[in-house]
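# Summary of the model geometry
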Amino acid sequence: HDTRLESSKAIMDRYLRLAMDAFPVENVARGKAILELALFAEREMMKLEAHMQSPEVLAAQEMIRKKENELTKYQAMLVDPQDQIHLRENKKNLQSVKAHVETLKRTLRDDHGRSDSLKSSAFLYLTNAMEGFLNALRVGGNISQQARIRAIFRVAGLWMDNSDDNSVNELVRTAIFGATSMNTGGEL
């Protein structure tokens, strides 16, 4: 019997959210569950951000930059008249350069996909954490004063750390002023 581990996102979506929803809205345990879910999302976001700063990921980013430079160089060879003359003299070289360009494009597409996936996951955890902390504040009396203070400071900290992202600003704006908030020109 094969055992398959679930991703932290799947655990959060399939189990933790369902467990939180099992509590009645007025229940103190629900407020605690909301806060714990926010803390879980924040921890996962921090793990991903730390991973994105690891030597392995930074080395992979450097390799992407090198591949992009190499691709630019080879693409220029295919359009430069002088290089075209030399490449056409030997069809094998021309085919080799074209094949290498296609290989570089394919590997860069895959590399960018992995990089974008990491960034997207980190952003998803960020928004889940912020929404969770904001929801914890909405349940108000269902969590302790200490938990409310913690949630306020976590929202403020995450917001300040990500204030250059308009979607984060909009998330906070909507949570504070509601879905029909006035447009403040990007400033809250």
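This section reports on the structure supplied with the text. Remember, predicted model here, so these are calculated numbers, not experimental data.

About the criteria used
Along each chain, numbering runs from 1 in the same order as the chain's sequence is written. In view of the model being predicted, local features appear only for residues whose pLDDT reaches at least 70, and side-chain atom pairs are presented and counted only at 80 or more, with totals across whole chains, interfaces and linings using the full set of residues. Water and hydrogen atoms were dropped before computing side-chain values, which therefore reflect all heavy atoms in the structure. The way it works is that DSSP assigns letters per residue, a run of H or I at least four long becomes a helix, a run of E at least two long becomes a strand, and they are numbered from the N terminus. Here the term buried applies to any residue with accessible area under 20% of the maximum for its type, exposed to any over 50%, and partly exposed to those in between, with areas from a 1.4 Å probe on protein chains only. Residues are treated as being in contact if the distance between any of their heavy atoms lies within 4.5 Å. Every accessible area reported is derived by Shrake-Rupley at a probe size of 1.4 Å, with residue values counting cover from the shown protein chains alone. In this analysis an axis means a line fitted to C-alpha atoms, helices contributing only their contacting stretch, and an angle means the value between N-to-C directions, from 0 to 180 degrees. Orientation categories follow fixed angle ranges, with anything under 35 degrees roughly parallel, anything over 145 roughly antiparallel, 65 to 115 roughly perpendicular, and all other angles oblique. Handedness of a crossing follows from how the near helix is turned relative to the far one, being left-handed for an anticlockwise turn of less than a right angle and right-handed for a clockwise one. As a working rule, the residues Ala, Val, Leu, Ile, Met, Phe, Trp, Tyr, Cys and Pro are called nonpolar, Asp, Glu, Lys and Arg charged, and the rest polar, with Gly in that last group. What counts as a salt bridge is simple: a side-chain nitrogen of Lys or Arg found within 4 Å of a carboxyl oxygen of Asp or Glu. Two aromatic rings from Phe, Tyr or Trp, using only the six-membered ring of Trp, form a pair when their centres are within 6.5 Å; if the ring planes differ by under 30 degrees the pair is stacked, by over 60 it is edge-to-face, and anything between is tilted. Criterion for a charge above a ring: Arg CZ or Lys NZ at most 6 Å from the ring centre, at most 35 degrees from the ring normal. Under the convention used throughout, the expected extent of a helix is 1.5 Å for every residue step, that is, one less than its residue count. Among the buried residues, those of types Ala, Val, Leu, Ile, Met, Phe, Trp, Tyr and Cys that are joined through side-chain atoms within 4.5 Å form a nonpolar core. Within this analysis, patches are made of residues with over 30% relative accessible area and no salt bridge. Like charges are joined at 9 Å or less; nonpolar side chains (Val, Leu, Ile, Met, Phe, Trp, Tyr) at 5 Å or less.

## Some points on the overall build of the protein chain
Regarding its fold elements, the protein chain presents seven helices and zero strands. When the elements of the protein chain are put in sequence order from the N terminus, they spell out α-α-α-α-α-α-α. Each of the 188 residues in the protein chain was classed as buried or not, and the buried ones make up 31%. A separation of at least 24 residues holds for 63% of the contacts in the protein chain among residues at least 6 apart in sequence. Total accessible area on the protein chain stands at roughly 12400 Å², and carbon and sulfur atoms take up 56% of it.

## What to know about the packing of helix 5 (residues 91-138) against helix 7 (residues 166-177)
Close contact between helix 5 and helix 7 brings their axes to 11 Å; oriented N to C, the two are set at 15°. Relative to helix 7, helix 5 is oriented roughly parallel. Two packed elements cross with a definite hand, and for helix 5 against helix 7 that hand is right-handed. Where helix 5 approaches helix 7, its residues Phe-123, Leu-126, Thr-127, Met-130, Glu-131, Leu-134 and Arg-138 are matched on the opposing element by Ser-167, Val-168, Leu-171, Val-172 and Ala-175. Grouping the amino acids of the contact of helix 5 with helix 7 by side-chain chemistry returns eight nonpolar, two polar and two charged.

## Concerning the pattern of salt bridges
Applying the stated criterion across every chain, the model contains seven salt bridges. A salt bridge links Arg-154 to Glu-42; the nearest nitrogen and oxygen atoms lie 2.2 Å apart. Note that Arg-154 is positioned in helix 6 (residues 145-161) and Glu-42 in helix 2 (residues 28-52), a separation of 112 residues in sequence. The class for Glu-42 is buried, based on a relative accessible area of 4%. Glu-102 is paired through a salt bridge with Lys-105; the nearest N and O atoms lie 3.6 Å apart. Taken together, the residues span about one helical turn, with Glu-102 and Lys-105 both in helix 5 at a distance of three residues. Looking at Lys-105, the relative accessible area reads 32%, which means it is partly exposed. Overlapping salt bridges, with partners in common, bring together Lys-67, Asp-111 and Arg-114 in one network.

## Focus: the packing of aromatic side chains
Enumeration according to the criterion identifies zero aromatic pairs in this entry. Against the face of Tyr-74 rests Lys-73, its NZ or CZ located 5.0 Å from the ring centre.

## Description of helix 7
Compared with the 16 Å implied by 1.5 Å per residue over twelve residues, the 16 Å span of helix 7 between its first and last C-alpha is a close match. Val-168, Asn-169, Leu-171, Val-172 and Arg-173 are the residues of helix 7 that are buried. Where the residues of helix 7 are buried, they touch helix 5 and helix 6. In the segment just after helix 7, Gly-178 is the residue with positive phi, at about 95°.

## Describing the nonpolar core
With 28 residues, the main nonpolar core has Leu-35, Met-130, Phe-133 and Leu-158 as its most contacted residues. Top element by residues in this core is helix 2. It accounts for ten residues. Filtering out sequence-adjacent residues up to four positions away, Leu-158 remains in contact with Glu-42, Met-45, Leu-126, Ala-129, Met-130 and Phe-133. In terms of nonpolar packing, the next biggest core, distinct from the first, is built from seven residues, Ile-64, Val-97, Val-101 and Leu-104 among them.

## A word on a nonpolar patch on the surface
There is a patch of nonpolar side chains on the surface, built from Ile-149, Ile-152 and Phe-153 and spanning about 300 Å² of accessible area. In this structure, Ile-149 sits in helix 6. On the basis of relative accessible area, Ile-149 is assigned to the partly exposed category, the value being 39%.

## As for the environment of Ala-151
Secondary-structure assignment places Ala-151 in helix 6. Each C-alpha atom, one on Ala-151 and one on Gly-132, is 8.7 Å from the other, the two residues being 19 residues apart in sequence. Excluding residues that lie within four positions of it along the chain, Ala-151 makes contacts with Leu-35, Phe-133, Ala-136 and Leu-137.

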